[in-house]
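Listed below are the residues making up each chain.
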Amino acid sequence: GGQRLREWRRIRAGEAQVAVGARSALFAPFQRLGLVLVDEEHDDSYKQNDGVTYSGRDMAVVRAARAGCPVVLGTATPSFETWQNAVEGRYGLLELRERATPRPVPVVELVDLRQVEKVDGHRPLIAPEVVKALQACFDGGGQAIALFNRRGYATCVQCGDCGGEFACPSCGVSLVLHHRQRTLTCHYCGFHRSMPEGCPACGGALDVLGTGTERVEEALQTLFPSVPIGRMDADTTAVRGAHHRILAEFGEGRTRLLVGTQIVAKGHDFPGVQLAVVLGADHVLMMPDFRASERAWALLTQLAGRAGRGAVAGRVLVQTHHPEHHVFRTMGDPAAFFAEEERSRRMMRYPPFYRLALVRVEGADRDRSAQAAWALARQLRGDAKEAGVDVIGPAQSAMARLVGRWRNQIILRAKDAGALGRWLSRHTLSAPQGVRVPLDIDPRDLM
């Protein structure tokens, strides 16, 4: 807080001419703003969901317009909204057709998990083809990155006898096992408990199901015992300075394999990386959200950009059960990807062709929350059609209970953003005591 205030005062006094920061840098008190740069403009973290919801990227465009200065949205994987704005001429499109490194971005090679032979009734976590590629990389003196976008050791712990599972009392989701700490943790509210030796209900043996980065790290260390491995996810980077230390160790070659969640795909420049592997793409691809394909395409494209940045050509291998998916067929070609996406987005009336607003109705009492959602939806439908607004729902949110609150949602959809805004301004989103009704304009997801 104190450091931020000092920087704010330096900017206001004219001592600093450039501000570098996260969302809050948008509000730096420059008197003569001349340029706004938004790096990785597609990133979901630009959206603030707590308190006043806003998109840092969209606010950057607004601030630049008001200051009468240019704004540059930089990314290798544009969001569909930004791409469509460029296609329709609202934004100028500047393309960097050559990579800054000697070698081109490697072509993604798919490993069809349906064709991988089972061992003891189960398909191996890491396909033989991927193991072979990793071994060749290490034998040649190279480094590798392995991405698995779930942290923890196992995503579910279940009793093999009675079938009982450990769920978060506030969120209703399965607790994730963190093996080294022997804890079961909720990744949404932070609730945790110690891992028991047996089932608390019947005493039966516990089975660990699903996979996280801890388990991936363990499997890779077993396969390559002499290769030093670093792991980078929200758990290993929680301590201050850990993020820099892990990257420094990899950059200096003290670790040769970096395992992690999507953090490992973000903009790092390591010339020694000759191989990038995605060990689990499908759970990103199959998320119940209209941006699932867009997120998967961006994540895989960003990871592909980490390989082959030095003198040696890189390889990218992706394990999947869905090799025919258009995300894989259009890797490296944004125009082709968005052309494929456009068909379904237009048909389903999703952004960027329609504008959405998400009304969340949430409360500690399940029935009261649901009743309030139905009453509000009936009220909103009163004059929606003549205003050109669709009122969809209510429905239970995909995450039905979060941090002790039952969540229902109503989706508002319109072809014209102005019409949606004017219609919303005539309505008060009210609810009975104990029920909150937050409004999210242009939601990044509908979860």
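Refer to the structure presented above.
Residues numbered from 1 in each chain as written. Predicted model: local features only at pLDDT ≥ 70, side-chain atom pairs only at ≥ 80, totals over all residues. Heavy atoms only, no water.

Chemist: Before we move on, can you summarise the state of the cysteines with the specific residues and values?
Modeler: The final tally for this structure, using the stated rule, is 0 disulfides. Cysteine C199 is unpaired, with the sulfur of C162 as its nearest cysteine sulfur at 3.7 Å. On the basis of relative accessible area, C199 is assigned to the buried category, the value being 8%. Summary of cysteine pairing: C202 is not part of a disulfide, and the nearest cysteine sulfur, belonging to C159, is at 3.5 Å. (Disulfide = S-S within 2.5 Å. Buried < 20%, exposed > 50% of the residue type's maximum accessible area, 1.4 Å probe, protein only.)

Chemist: Tell me about the layout of surface pockets, and name the residues and values.
Modeler: Computed from the structure, the second largest pocket encloses a volume of approximately 1,600 Å³. Along its surface, the second largest pocket is lined by 43 residues, and T75, A76, L94, E95 and L96 are the ones closest to its centre. Listed by contribution, the elements that provide at least two residues to the lining of the second largest pocket are strand 4 (71-74), helix 3 (80-87) and helix 8 (292-304). The residue makeup of the lining of the second largest pocket, split by class, is 22 nonpolar, 10 polar and 11 charged. (1 Å grid on protein atoms, 1.4 Å probe; cavity = no way out; pocket = protein on both sides within 12 Å on 5 of 7 lines; lining within 4 Å. Points joined across faces, edges and corners; volume = space filled by probe spheres on them. Helix = DSSP H or I, 4+ residues; strand = E, 2+ residues; numbered from the N terminus. Nonpolar A, V, L, I, M, F, W, Y, C, P; charged D, E, K, R; others polar.)

Chemist: Let's hear about the packing of aromatic side chains: which residues, and what values?
Modeler: Across all of its chains, the model carries 10 aromatic pairs by this definition. When the ring of F27 is compared with that of Y54, the centres are 5.9 Å apart and the planes differ by 75°; the resulting orientation is edge-to-face. Of this pair, F27 sits in the loop between helix 1 (2-12) and strand 1 (36-39) while Y54 sits in strand 3 (residues 54-55); the two residues are 27 residues apart in sequence, bridging distant segments of the chain. Using a relative accessible area of 45% as the deciding quantity, one classes F27 as partly exposed. Given the relative accessible area of 14%, Y54 is considered buried. Among the aromatic side chains, those forming a connected cluster through ring pairs are F80, W83, W297, F337, F338 and F353. The side chain of R346 reaches across the aromatic face of F353, ending 4.0 Å from its centre. Directly above the ring of W406 sits R366, whose terminal nitrogen or CZ lies 4.4 Å from the centroid. (Phe/Tyr/Trp six-rings, centres within 6.5 Å; stacked < 30°, edge-to-face > 60°. Lys NZ or Arg CZ within 6 Å of the ring centre and 35° of its normal.)

Chemist: Talk me through the nonpolar core; I want residue IDs and the actual numbers.
Modeler: Grouped together as the largest cluster of nonpolar side chains are 37 residues, with contacts concentrated most on L303, V318 and V327. Residue contributions to this core peak at 7 residues, all from helix 8. Residues within four places of L303 in sequence aside, it is in contact with I145, L147, V264, A265, A276, V277 and V278. (Core = buried A, V, L, I, M, F, W, Y, C linked by side-chain atoms within 4.5 Å. Contact = heavy atoms within 4.5 Å.)

Chemist: Give a description of the environment of D282 that names residues and reports values.
Modeler: With respect to the secondary-structure elements, D282 resides in helix 7 (residues 282-285). Since its relative accessible area comes to 13%, D282 is described here as buried. Taking the C-alpha atoms as reference points, D282 and L424, 142 residues apart in sequence, are found 37 Å from one another. Setting aside anything within four residues of it in sequence, one finds D282 in contact with T320, H321 and H322. Polar contacts involving the side chain of D282 include one to the side chain of T320, which spans 2.6 Å. There is a polar contact of 2.7 Å between the side chain of D282 and the backbone nitrogen of H321. (Polar contact = N/O pair within 3.5 Å; in protein donor to acceptor, adjacent residues only side chain to side chain.)

Chemist: Can you break down empty space enclosed by the protein residue by residue, with the values?
Modeler: Rolled over the atoms, a probe as big as a water molecule pinpoints where empty space is left. For the structure shown, the criterion picks out 1 cavity of 30 Å³ or more. Roughly 50 Å³ of volume is contained in the largest cavity. Looking at the largest cavity, the residues that line it are L147, V278, G280, A281, V284, A296, L299 and L300. With 3 residues, the single largest contributor to the lining of the largest cavity is helix 8. Here the lining of the largest cavity is built from residues that sort into 7 nonpolar, 1 polar and no charged.

Chemist: Break down the sheet that holds strand 8 (residues 176-178) for me, with residues and values.
Modeler: With antiparallel pairing, 3 strands are arranged side by side in an open sheet as 8-9-10. Each edge of the open sheet is held by one strand with a lone partner, namely strand 8 and strand 10 (192-194). Mean inter-strand twist for the sheet, computed between neighbouring axes without regard to direction, equals 30°. Pairing of strand 8 with strand 9 (residues 183-185), which is carried by 3 bridges, proceeds in the antiparallel orientation. Within the sheet, the bridge partner assigned to H178 lies in strand 9 and is T183. (Pairing = 2+ DSSP bridges. Axes fitted to C-alpha atoms, helices over the stretch in contact; angles between N-to-C directions.)

Chemist: Mind laying out helix 12 (residues 417-425), listing which residues take part and the relevant values?
Modeler: By the burial criterion, the buried members of helix 12 are A419, L420, W423 and L424. All buried residues of helix 12 fall inside an arc of 130° around its axis, so they share one side. Looking at helix 12, the residues exposed on the side facing more than 90 degrees away from the buried face are R422 and S425. Where helix 12 is buried, its residues meet strand 16 (355-363), helix 11 (366-381), strand 17 (389-402), strand 18 (405-414) and strand 20 (439-441). By the N-cap criterion, in which a side-chain oxygen at the helix start approaches the backbone nitrogen of a residue two or three places on, helix 12 is capped by D416, the distance to G418 being 3.2 Å. (Arc of directions from axis to C-beta.)

Chemist: Describe in detail the side chain of N408, supporting the description with residues and values.
Modeler: Structurally, the position occupied by N408 is in strand 18. A distance of 3.0 Å separates polar atoms of two side chains, one belonging to N408 and the other to S369. Once you skip the residues sitting within four places of it in the chain, N408 turns out to touch V359, R360, V361, S369, A370, A373, A395, Q396 and S397.

Chemist: Which residues make up the pattern of salt bridges, and what values go with them?
Modeler: Under the defined criterion, the tally for this structure stands at 32 salt bridges. Ionic pairing is found between R444 and D44, a salt bridge with its closest N-O pair at 2.8 Å. Taken as a pair, R444 in the segment after strand 20 and D44 in the loop between strand 1 and strand 2 (47-48) lie far apart in primary sequence, 400 residues in all. Put simply, R245 and E249 hold a salt bridge, and the shortest N to O gap is 3.5 Å. Of the two residues, R245 and E249 are both situated in helix 6 (residues 242-251); the distance of 4 residues between them amounts to about one turn of the helix. The class for R245 is partly exposed, based on a relative accessible area of 42%. Through salt bridges that share partners, D44, D289, R295 and R444 make up one connected network. (Salt bridge = Lys/Arg side-chain N within 4 Å of Asp/Glu carboxyl O.)

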